[in-house]
Amino acid sequence: FFLSPAEFVKSATNLSMIPENTMIPEVAFVGRSNIGKSSLINGLVNRNGLVKTSSKPGHTRMMNFFKLGDKLSLVDMPGYGWKSRDEWGGMIISYLQNRKNLRRIYILMDPSHGLKESDAQIMKLLDSSGLSYQVVLTKMDRLSKTKYSAAKAEIEAELVKGSICCFPLVLGVSSKTKDGLDELRAAIVKASQL
Ligand code: GDP
(Lines give C-alpha, C1' and ligand atoms only; values in the text may rest on other atoms or scores of the structure.)
Protein backbone atom coordinates (compact mmCIF):
# COMPACT_ATOMS: atom_id res chain seq x y z
CA PHE A 1 0.00 0.00 0.00
CA PHE A 2 1.08 3.55 -0.49
CA LEU A 3 0.70 6.73 1.48
CA SER A 4 -1.13 8.55 -1.27
CA PRO A 5 -2.19 10.70 -2.92
CA ALA A 6 0.36 13.10 -1.51
CA GLU A 7 0.48 16.74 -2.40
CA PHE A 8 2.88 19.55 -1.68
CA VAL A 9 1.56 22.17 0.74
CA LYS A 10 4.37 24.67 1.16
CA SER A 11 8.00 25.33 1.96
CA ALA A 12 9.05 27.31 4.99
CA THR A 13 12.34 29.06 5.56
CA ASN A 14 11.22 30.73 8.76
CA LEU A 15 8.72 30.18 11.55
CA SER A 16 6.07 32.52 10.20
CA MET A 17 5.85 30.44 7.02
CA ILE A 18 5.07 27.19 8.79
CA PRO A 19 1.47 26.05 8.19
CA GLU A 20 -0.77 26.57 11.19
CA ASN A 21 -1.11 23.86 13.80
CA THR A 22 -3.99 21.67 12.75
CA MET A 23 -5.51 18.51 14.15
CA ILE A 24 -4.06 16.51 11.28
CA PRO A 25 -1.38 14.13 12.59
CA GLU A 26 2.09 15.06 11.43
CA VAL A 27 5.35 13.15 11.16
CA ALA A 28 8.72 14.70 10.34
CA PHE A 29 11.86 13.34 8.70
CA VAL A 30 15.30 14.48 9.75
CA GLY A 31 18.83 13.39 8.97
CA ARG A 32 22.22 14.49 7.80
CA SER A 33 22.44 15.90 4.29
CA ASN A 34 22.56 13.29 1.57
CA ILE A 35 21.16 10.60 3.85
CA GLY A 36 18.48 9.68 1.31
CA LYS A 37 15.63 11.66 2.85
CA SER A 38 14.14 13.02 -0.37
CA SER A 39 14.32 9.64 -2.06
CA LEU A 40 12.69 8.03 0.94
CA ILE A 41 9.74 10.43 1.14
CA ASN A 42 9.16 10.09 -2.60
CA GLY A 43 9.28 6.31 -2.21
CA LEU A 44 6.87 6.32 0.71
CA VAL A 45 4.25 8.28 -1.21
CA ASN A 46 5.15 6.60 -4.50
CA ARG A 47 5.65 9.87 -6.31
CA ASN A 48 9.02 10.47 -7.84
CA GLY A 49 9.85 14.13 -7.82
CA LEU A 50 7.44 15.18 -5.07
CA VAL A 51 10.45 16.06 -2.97
CA LYS A 52 13.22 17.47 -5.11
CA THR A 53 16.24 15.24 -4.84
CA SER A 54 18.84 17.85 -5.32
CA SER A 55 22.29 18.47 -4.00
CA LYS A 56 21.61 22.21 -4.11
CA PRO A 57 21.84 23.44 -0.51
CA GLY A 58 18.94 25.84 -1.14
CA HIS A 59 16.52 22.98 -1.43
CA THR A 60 17.44 21.36 1.82
CA ARG A 61 17.50 24.56 3.87
CA MET A 62 13.71 24.64 3.86
CA MET A 63 11.10 22.71 5.74
CA ASN A 64 8.74 21.23 3.17
CA PHE A 65 5.19 20.31 4.12
CA PHE A 66 3.18 17.65 2.31
CA LYS A 67 -0.24 16.26 3.01
CA LEU A 68 -2.21 13.14 2.32
CA GLY A 69 -5.74 14.42 2.17
CA ASP A 70 -6.77 15.41 5.66
CA LYS A 71 -5.27 12.26 7.17
CA LEU A 72 -1.59 12.90 7.50
CA SER A 73 0.98 15.62 7.16
CA LEU A 74 4.61 14.83 6.26
CA VAL A 75 7.45 17.23 6.89
CA ASP A 76 10.80 17.13 5.16
CA MET A 77 13.21 18.91 7.49
CA PRO A 78 16.47 20.56 6.45
CA GLY A 79 19.45 18.22 6.43
CA TYR A 80 21.98 18.78 9.15
CA GLY A 81 25.68 18.21 9.36
CA TRP A 82 26.89 20.55 6.67
CA LYS A 83 26.21 23.71 8.56
CA SER A 84 26.40 24.71 12.16
CA ARG A 85 23.91 23.38 14.65
CA ASP A 86 22.94 26.94 15.53
CA GLU A 87 21.79 27.55 11.99
CA TRP A 88 19.71 24.36 12.03
CA GLY A 89 18.50 25.42 15.45
CA GLY A 90 16.09 28.35 15.74
CA MET A 91 13.25 27.57 13.37
CA ILE A 92 13.45 23.83 13.77
CA ILE A 93 13.63 23.78 17.54
CA SER A 94 10.65 26.13 17.86
CA TYR A 95 8.73 24.05 15.36
CA LEU A 96 9.51 20.79 17.14
CA GLN A 97 8.72 22.07 20.59
CA ASN A 98 5.47 23.79 19.66
CA ARG A 99 3.96 21.44 17.17
CA LYS A 100 1.04 19.82 18.96
CA ASN A 101 0.07 17.54 16.09
CA LEU A 102 3.62 16.17 15.65
CA ARG A 103 3.33 12.46 16.40
CA ARG A 104 6.79 11.20 15.61
CA ILE A 105 10.12 12.23 14.16
CA TYR A 106 11.97 9.80 11.95
CA ILE A 107 15.73 10.13 12.19
CA LEU A 108 17.44 8.78 9.11
CA MET A 109 20.92 7.29 9.41
CA ASP A 110 23.20 5.55 6.99
CA PRO A 111 24.15 2.14 8.40
CA SER A 112 27.50 2.26 6.63
CA HIS A 113 28.36 5.48 8.46
CA GLY A 114 26.95 4.60 11.88
CA LEU A 115 25.60 7.00 14.46
CA LYS A 116 27.29 10.38 14.04
CA GLU A 117 27.85 13.13 16.55
CA SER A 118 25.25 15.32 14.81
CA ASP A 119 22.68 12.51 15.11
CA ALA A 120 23.46 12.19 18.81
CA GLN A 121 22.97 15.94 19.25
CA ILE A 122 19.57 15.83 17.58
CA MET A 123 18.49 12.86 19.69
CA LYS A 124 19.58 14.67 22.83
CA LEU A 125 17.51 17.66 21.78
CA LEU A 126 14.45 15.48 21.13
CA ASP A 127 14.94 13.62 24.42
CA SER A 128 15.15 16.87 26.34
CA SER A 129 11.91 18.04 24.73
CA GLY A 130 10.13 14.73 25.28
CA LEU A 131 9.58 14.18 21.57
CA SER A 132 9.05 10.68 20.25
CA TYR A 133 11.46 9.60 17.54
CA GLN A 134 12.38 6.47 15.64
CA VAL A 135 15.56 5.57 13.79
CA VAL A 136 15.38 4.53 10.13
CA LEU A 137 18.45 3.15 8.41
CA THR A 138 18.62 4.14 4.75
CA LYS A 139 20.30 2.70 1.65
CA MET A 140 20.13 -0.87 2.98
CA ASP A 141 20.85 -2.17 -0.50
CA ARG A 142 24.43 -0.92 -0.26
CA LEU A 143 25.38 -3.45 2.41
CA SER A 144 25.33 -7.23 2.46
CA LYS A 145 22.81 -8.73 4.86
CA THR A 146 25.58 -9.62 7.30
CA LYS A 147 27.16 -6.18 7.24
CA TYR A 148 23.76 -4.52 7.55
CA SER A 149 22.86 -6.62 10.61
CA ALA A 150 26.18 -5.81 12.28
CA ALA A 151 25.79 -2.09 11.57
CA LYS A 152 22.22 -2.11 12.86
CA ALA A 153 23.26 -3.92 16.05
CA GLU A 154 25.98 -1.34 16.64
CA ILE A 155 23.56 1.55 16.25
CA GLU A 156 20.98 -0.15 18.48
CA ALA A 157 23.61 -0.57 21.19
CA GLU A 158 24.34 3.18 21.02
CA LEU A 159 20.63 3.97 21.27
CA VAL A 160 20.11 1.80 24.32
CA LYS A 161 22.87 3.70 26.10
CA GLY A 162 21.64 7.23 25.80
CA SER A 163 18.21 7.66 24.34
CA ILE A 164 15.02 8.23 26.24
CA CYS A 165 12.27 8.97 23.74
CA CYS A 166 13.48 6.61 21.05
CA PHE A 167 10.91 4.11 19.80
CA PRO A 168 12.65 0.79 20.45
CA LEU A 169 12.50 -0.57 16.93
CA VAL A 170 15.05 0.42 14.31
CA LEU A 171 13.71 0.11 10.77
CA GLY A 172 15.73 -0.39 7.60
CA VAL A 173 14.79 0.83 4.14
CA SER A 174 16.06 1.04 0.61
CA SER A 175 14.46 3.56 -1.69
CA LYS A 176 16.22 1.80 -4.54
CA THR A 177 14.84 -1.71 -4.00
CA LYS A 178 11.77 -0.53 -2.00
CA ASP A 179 12.71 -2.91 0.81
CA GLY A 180 11.32 -1.88 4.17
CA LEU A 181 9.01 0.79 2.79
CA ASP A 182 5.81 -1.07 3.69
CA GLU A 183 7.03 -1.56 7.25
CA LEU A 184 7.86 2.13 7.55
CA ARG A 185 4.48 3.12 6.08
CA ALA A 186 2.76 0.89 8.62
CA ALA A 187 4.82 2.43 11.44
CA ILE A 188 3.89 5.93 10.26
CA VAL A 189 0.19 5.09 10.10
CA LYS A 190 0.37 3.59 13.58
CA ALA A 191 2.28 6.56 15.01
CA SER A 192 -0.19 8.96 13.43
CA GLN A 193 -3.02 7.25 15.29
CA LEU A 194 -1.40 7.65 18.71
P1 GDP B 1 18.82 13.83 0.90
O2 GDP B 1 19.87 14.87 0.71
O3 GDP B 1 18.84 13.29 2.29
O4 GDP B 1 17.45 14.26 0.48
O5 GDP B 1 19.23 12.58 -0.01
P6 GDP B 1 18.75 12.12 -1.47
O7 GDP B 1 17.45 11.41 -1.40
O8 GDP B 1 18.86 13.27 -2.41
O9 GDP B 1 19.86 11.02 -1.79
C10 GDP B 1 21.22 11.29 -1.71
C11 GDP B 1 21.97 10.32 -2.60
O12 GDP B 1 21.81 8.99 -2.13
C13 GDP B 1 21.45 10.32 -4.04
O14 GDP B 1 22.55 10.15 -4.90
C15 GDP B 1 20.54 9.11 -4.10
O16 GDP B 1 20.45 8.53 -5.38
C17 GDP B 1 21.23 8.16 -3.12
N18 GDP B 1 20.25 7.26 -2.48
C19 GDP B 1 19.13 7.64 -1.82
N20 GDP B 1 18.46 6.56 -1.37
C21 GDP B 1 19.16 5.47 -1.75
C22 GDP B 1 18.97 4.05 -1.57
O23 GDP B 1 18.02 3.56 -0.97
N24 GDP B 1 19.94 3.24 -2.10
C25 GDP B 1 21.02 3.73 -2.75
N26 GDP B 1 21.92 2.85 -3.21
N27 GDP B 1 21.23 5.05 -2.94
C28 GDP B 1 20.31 5.91 -2.45
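Only a predicted model underlies this, so the values are computations on that prediction, with no experimental measurement involved.

Visitor: For the sheet that holds strand E5 (residues 102–109), give the residues involved together with the corresponding values.
Guide: Spatial strand order, E1-E3-E4-E2-E5-E6-E7: seven strands in an open sheet with mixed pairing. Each end of this open sheet is capped by a strand with a single partner; those strands are strand E1 (6–12) and strand E7 (171–172). Strands in contact with helix H4 (residues 117–128) are strand E2 (26–31), E5 and strand E6 (133–137); relative to E5, the strand with the most contacts, it is inclined by about 165 degrees. Here helix H6 (residues 181–192) sits on the sheet in contact with E2, strand E4 (72–76), E5, E6 and E7, set at roughly 155 degrees to E5.

Visitor: Can you break down the site of the ligand residue by residue, with the values?
Guide: The full set close to the ligand counts 13 residues, and Lys-37, Ser-38, Ser-39, Asp-141 and Ser-175 are the nearest of them. Within the backbone of Ile-35, an N or O atom sits 3.1 Å from an oxygen atom of the ligand. Between an oxygen atom of the ligand and a main-chain N or O atom of Ser-175, the distance comes to 2.8 Å. Look at the ligand: alone it shows 580 Å² of surface, and the protein chains cover 77% of it. In terms of residue class, the shell around the ligand is made up of one nonpolar, seven polar and five charged.

Visitor: Which residues make up the pairing of E2, and what values do they have?
Guide: Within E2, six of the six residues are buried, leaving the element largely enclosed by the surrounding structure. In E2, alternate side chains face the same way, and those of Glu-26, Ala-28 and Val-30 on one face and Val-27, Phe-29 and Gly-31 on the other are all buried. One ladder, built from four bridges, connects E2 with E4; its direction is parallel. Within E4, the residue paired with Val-27 across the bridge is Leu-74. Relative to E5, E2 runs parallel, the two being bridged by six bridges.

Visitor: Run through the pairing of E5, naming residues and quoting values.
Guide: Among the eight residues of E5, seven are classified as buried, and the element is accordingly described as predominantly covered. When E5 meets E6, the two strands line up parallel, connected through five bridges. Its bridge partner lying in E6, Ile-105 is registered against Tyr-133. On the question of chirality, the crossover connecting E5 to the parallel E6 by way of H4 is right-handed.

Visitor: Please set out the pattern of salt bridges residue by residue, giving values where relevant.
Guide: For the structure shown, the criterion picks out five salt bridges. Linking Glu-156 and Lys-152 is a salt bridge whose minimum nitrogen-to-oxygen distance equals 3.7 Å. Note that Glu-156 and Lys-152 are positioned in helix H5 (residues 145–162) at a spacing of four residues, about one turn of the helix. A relative accessible area of 30% places Glu-156 in the partly exposed class. Assessed through its relative accessible area of 23%, Lys-152 is described here as partly exposed. Salt-bridge contacts for Glu-158 lead to Lys-161; the nearest nitrogen and oxygen are separated by 3.3 Å.

Visitor: So what's going on with the nonpolar core? Which residues, and what values?
Guide: As a rule of thumb, nonpolar side chains are buried together in soluble globular proteins. Counting residues in hydrophobic clusters, the biggest one holds 33 residues, and the most contacted among them are Met-63, Met-77, Tyr-95, Leu-96, Ile-105 and Ile-107. Among the secondary structure elements, those contributing two or more residues to this core are E2, strand E3 (63–68), helix H3 (85–98), E5, H4, E6 and H5. The contact partners of Tyr-95, leaving out residues within four places of it in the chain, are Leu-15, Ile-18, Glu-26, Ala-28, Met-63, Phe-65, Val-75, Met-77 and Leu-102. In this structure, Leu-40, Leu-50, Val-136 and Ala-191 belong to the second largest nonpolar core, which totals 25 residues.

Visitor: So what about the state of the cysteines? Which residues, and what values?
Guide: A full pass over the atoms with the stated rule returns zero disulfides. A disulfide-free cysteine, Cys-165 has its sulfur positioned 8.9 Å from the sulfur of Cys-166, the nearest such atom.

Visitor: Talk me through H5; I want residue IDs and the actual numbers.
Guide: Helix length check: H5, at 18 residues, gives a terminal C-alpha distance of 26 Å against a target of 26 Å (1.5 Å per residue), a fit within 8%. Turning to H5, its buried residues are Tyr-148, Ala-151, Ile-155 and Leu-159. Along the long axis of H5, the arc covered by the buried residues comes to 80 degrees, so they all point the same way. Looking at H5, the residues exposed on the side facing more than 90 degrees away from the buried face are Thr-146, Glu-154, Val-160 and Lys-161.

Calculation rules
Residues numbered from 1 in each chain as written. Predicted model: local features only at pLDDT ≥ 70, side-chain atom pairs only at ≥ 80, totals over all residues. Heavy atoms only, no water. Pairing = 2+ DSSP bridges. Helix = DSSP H or I, 4+ residues; strand = E, 2+ residues; numbered from the N terminus. Contact = heavy atoms within 4.5 Å. Axes fitted to C-alpha atoms, helices over the stretch in contact; angles between N-to-C directions. Near = heavy atom within 4 Å. Polar contact = N/O pair within 3.5 Å; in protein donor to acceptor, adjacent residues only side chain to side chain. Areas by Shrake-Rupley, 256 points an atom, 1.4 Å probe, with all protein chains shown as cover. Nonpolar A, V, L, I, M, F, W, Y, C, P; charged D, E, K, R; others polar. Buried < 20%, exposed > 50% of the residue type's maximum accessible area, 1.4 Å probe, protein only. Right-handed = clockwise from strand over helix to strand, strands pointing away. Salt bridge = Lys/Arg side-chain N within 4 Å of Asp/Glu carboxyl O. Core = buried A, V, L, I, M, F, W, Y, C linked by side-chain atoms within 4.5 Å. Disulfide = S-S within 2.5 Å. Expected span 1.5 Å × (residues − 1). Arc of directions from axis to C-beta.

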